[in-house]
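Residue-level structure breakdown
Listed below are the residues making up each chain.
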Amino acid sequence: MGGAGKSGAGRDLEGAAAGAPGAGTAGGAGERHARWLLVVALTVQFLVSLDMSVVNVALPDIRSDLGFDGGGLLWVVNAYALAFGGLLMLGGRLADLAGPRRVLTAGLVLFGLASLAGGLAWSPGSLVAARAVQGVGAAALAPVAFALITLAFPAGPARSRALGLWGMAGAAGAAVGVLAGGVLTDATGWRSVMLVNVPIVAFALAAAARTGPVGGGRRAGARLDVAGALLVTAGTTLLVLGLVRTSDHGWGSTTTLASLGVAVTLLAAFVAVELRTESPLLRPGLLRGRPVLTANLFCLLLASAQFGAFYFVSLYMQLVLGFGPTAAGLAFLPFCVGVVAGSVLAPRAVAALGIRRLMAVGATLAALGMAWFAATATVDGGFLVSILGPSLVCSFGIGLCFVPLGTAATTDVAPGETGMASGLLNSSRQVGGSLGLAVLVTVAAQITGGSTGLTELSSGYAAAFWAAAGLLAAAALAAYVLLPAERKALTGPTGAGRDRAGREGAEREGAERDRAEREGDAASR
């Protein structure tokens, strides 16, 4: 088999590495370092995606072994989601200020130790605490994985291939998480679901040691925006908390309204602080660019549909079609295959269609696949028609979106702000996922009315799928209407990429504009 040549993924990885800085000589040190850098970024993306889903199937065993009550068990999932979603912006900015390598190493060590502690947990509180610390580590790792790619690979084919692999790694992590959760729990117990992260972390640390210097170490004179960090962390955490608890308290409850109200107030205060600080956690001028703004709106809508639908497909298979945990995990593999296929095709498709059209086409295909789920989610549904077909169409569309989405999210972003842009994009994804799940759960509940009958459940799940299809259609419309029509406005020059001095000049100009706005606001007051 070795004589048949390298796999497609291997050729893509080498092609991406060959376009990286310092990779001009075949087999040179620059090419080798770039290849290992891509391996690190993909491993981190796989790890973070894996841990968002791997624990779900193990929850019943965790409850019986550690003595969780019904409400407390939910915090095994929510503790990770809250820490992860609340600290993403801070993690991204720390990568800019302290350097991606330092943040990457710290995040991996923290994540690995928390996983080990979770596998050895002796009480409900110890497991929830370990999951929260895992979320902190993930919040440092997720922005760095994306930033490493944008720093190491120039705009053009090399970056497109790397972003395609990045999207594939995320999809593979999510799908493998569902499958591994069932298989590991059945075979060796729920503790292995936590401990499986430890060897993955060890591999990532070993791979990181083989990479060369990566864009920008510690920035001289740069300071962390402490006030902004506290406000955005508290505000985002409360926002995610309010959303994930709507299934228990309802949208109109005092608990939900108070959480969301305080979250909005804190985030508004964060915006006010960022307009006045010299070294903001999120430079307001970053969102003036239509590509960056549209990419984050698109990501929020895409994640809202994808995360919620993933949840309801799992419920439909197990509660309506009668699949067991391992069978349900295996049934998710076609979804992973579709994302991989879309991600492999995306670099060529973006050259032919452009950023705007490819994002719109990908989201439209995903919406059609979701509508297929909705139309066939019946009591007498079967795997081929109700799961396999719509999974392939929906996931292929989603896979097409990763390359243009990543490119748009970093268009005209200075090297010193890649972590900032990455943290923003990941925050949009996490908040979108929580928002979508909360909305789709509400939609389904309106139809089922609390009934557990198969007909009512399938009708509720179908309604959730229709709502998800609507969110994806809105994402397609947003991409087509809001993004610039000219492809060159987004892709920029290929080959060596933009001149670094031009990027730094754009950063300085943005800072000057923000300073002028702050001075104008002060004068008007």
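About the criteria used
- Residues numbered from 1 in each chain as written.
- Predicted model: local features only at pLDDT ≥ 70, side-chain atom pairs only at ≥ 80, totals over all residues.
- Heavy atoms only, no water.
- Helix = DSSP H or I, 4+ residues; strand = E, 2+ residues; numbered from the N terminus.
- Contact = heavy atoms within 4.5 Å.
- Axes fitted to C-alpha atoms, helices over the stretch in contact; angles between N-to-C directions.
- Parallel < 35°, antiparallel > 145°, perpendicular 65-115°, else oblique.
- Left-handed = near helix turned anticlockwise from the far one by under 90°.
- Expected span 1.5 Å × (residues − 1).
- Bend = angle between axes of the 7 residues up to and from the residue.
- Buried < 20%, exposed > 50% of the residue type's maximum accessible area, 1.4 Å probe, protein only.
- Arc of directions from axis to C-beta.
- Phe/Tyr/Trp six-rings, centres within 6.5 Å; stacked < 30°, edge-to-face > 60°.
- Lys NZ or Arg CZ within 6 Å of the ring centre and 35° of its normal.
- Core = buried A, V, L, I, M, F, W, Y, C linked by side-chain atoms within 4.5 Å.
- pLDDT = per-residue confidence, 0-100.
- Patch = residues over 30% accessible without salt bridge, like charges linked within 9 Å, V, L, I, M, F, W, Y side chains within 5 Å.
- Areas by Shrake-Rupley, 256 points an atom, 1.4 Å probe, with all protein chains shown as cover.
- Salt bridge = Lys/Arg side-chain N within 4 Å of Asp/Glu carboxyl O.
- Nonpolar A, V, L, I, M, F, W, Y, C, P; charged D, E, K, R; others polar.

1. Description of the overall build of the chain
Helix and strand counts for the chain come out as 22 helices and 0 strands. Sequence-distant contacts in the chain: of pairs separated by 6 or more residues, those separated by 24 or more amount to 84%.

2. Notes on the packing of helix α14 (residues 290-320) against helix α20 (residues 454-482)
Interaxial distance between α14 and α20 falls to 9 Å at its minimum, and their mutual angle equals 165°. Overall, the two elements α14 and α20 adopt an arrangement that is roughly antiparallel. The interaxial crossing formed by α14 with α20 has left-handed handedness.

3. Structural notes on helix α8 (residues 157-188)
Each α-helix winds once per 3.6 residues, and so residues spaced three or four apart point in a common direction. Spanning 32 residues, α8 covers 43 Å between terminal C-alpha atoms, matching the ideal 46 Å at 1.5 Å per step. Bending of α8 peaks at approximately 25° at the position of Ala-180. When you tally the buried positions in α8, you get 23 out of 32 residues, the bulk of the element.

4. Side note on the environment of Ala-138
Within the secondary structure, Ala-138 is located in helix α7 (residues 124-152). Residue class for Ala-138 comes out buried when judged on its relative accessible area of 0%. Residues Ala-138 and Leu-87, 51 residues apart in the sequence, show an inter-C-alpha distance of 9.0 Å. Residues contacting Ala-138, with those up to four places away along its chain left out, are Val-48, Tyr-80, Phe-84, Phe-111 and Pro-143.

5. Examining helix α3 (residues 59-66)
Those residues of α3 that fall on the buried side of the exposure criterion are Leu-59, Ile-62 and Leu-66. Down the axis of α3, the buried side of the element spans an arc of 55°, and every buried residue falls inside it.

6. Looking at the packing of aromatic side chains
The full count for this structure, using the stated rule, is 3 aromatic pairs. Ring plane angle 40° and centroid distance 5.8 Å describe the contact between Tyr-80 and Phe-84, whose orientation is recorded as tilted. Taken as a pair, Tyr-80 and Phe-84 lie in helix α5 (residues 75-98) at a separation of 4 residues, close to a single helical turn. The pair formed by Tyr-80 and Phe-84 is uniform in burial state, with each residue classed as buried. Over the ring of Tyr-480 we find Arg-356, and its NZ or CZ is 4.2 Å from the ring centre.

7. Re the nonpolar core
The biggest cluster of nonpolar side chains holds 131 residues, and the ones touching the most others in it are Ile-62, Leu-104, Leu-127, Phe-298, Met-370 and Phe-465. Judged by nonpolar contacts, the second largest core, of 10 residues, contains Leu-239, Val-240, Leu-241 and Leu-260.

8. Brief notes about the confidence of the model for the chain
Taken as a whole, the chain shows an average pLDDT of 77; of its residues, 81% reach a score of 70 or greater. Ranking the helices and strands of the chain by mean pLDDT puts helix α17 (residues 355-376) first, with 94, and helix α1 (residues 8-18) last, with 39. Every residue in residues 487-508 scores below 50 in pLDDT, and together they form 39 contacts with partners more than four places removed in sequence or on other chains.

9. What about a nonpolar patch on the surface?
Residues Leu-297, Leu-477, Tyr-480, Val-481 and Leu-482 make up a contiguous nonpolar surface patch of about 460 Å² in total accessible area. Top contributing element to the nonpolar patch by residue count: α20, with 4 residues. Of note, Tyr-480 is situated in helix α20.

10. Points about the packing of α7 against α8
For the pair α7 and α8, the least separation of the axes is 9 Å and the interaxial angle reads 165°. Classified by the interaxial angle, the pair formed by α7 and α8 is roughly antiparallel. Pair α7 / α8 crosses with right-handed handedness. Touching Phe-146, Ile-149 and Thr-150 of α7 are Arg-159, Ala-162, Leu-163 and Trp-166, all from α8. Class assignment for the residues of the contact of α7 with α8 results in 5 nonpolar, 1 polar and 1 charged.

11. Regarding the pattern of salt bridges
Summed over all chains, the structure comprises 2 salt bridges. Between Arg-131 and Asp-51 there is a salt bridge, with the nearest N and O atoms lying 3.0 Å from each other. Of this pair, Arg-131 sits in helix α7 while Asp-51 is found in helix α2 (residues 29-53), placing the two residues 80 residues apart along the sequence. The two residues Arg-131 and Asp-51 agree in class, both being buried. Between Asp-65 and Arg-191 there is a salt bridge; the shortest N-O distance is 3.7 Å.

12. Structural notes on the environment of Gly-432
With respect to the helices and strands, the residue Gly-432 is situated in helix α19 (residues 418-448). In sequence terms Gly-432 and Leu-297 are 135 residues apart; their C-alpha atoms lie 9.1 Å from each other.

13. Considering the side chain of Thr-236
Summarising the element assignment, Thr-236 is placed in helix α11 (residues 226-244). According to the relative accessible area criterion, Thr-236 is buried, its value standing at 8%.

14. Concerning the environment of Leu-50
Assignment of secondary structure puts Leu-50 in helix α2. Leu-50 gets classed as buried once you look at its relative accessible area, which sits at 3%. Residues in contact with Leu-50, not counting those within four places in the same chain, are Gly-173, Ala-174, Val-176, Gly-177, Asn-197 and Ile-200.

15. Here we look at the side chain of Ser-259
Along the polypeptide, Ser-259 turns up in helix α13 (residues 254-274). The exposure class of Ser-259 is buried, given its relative accessible area of 10%. With sequence-adjacent residues up to four places away left out, Ser-259 is seen in contact with Leu-238 and Gly-242.

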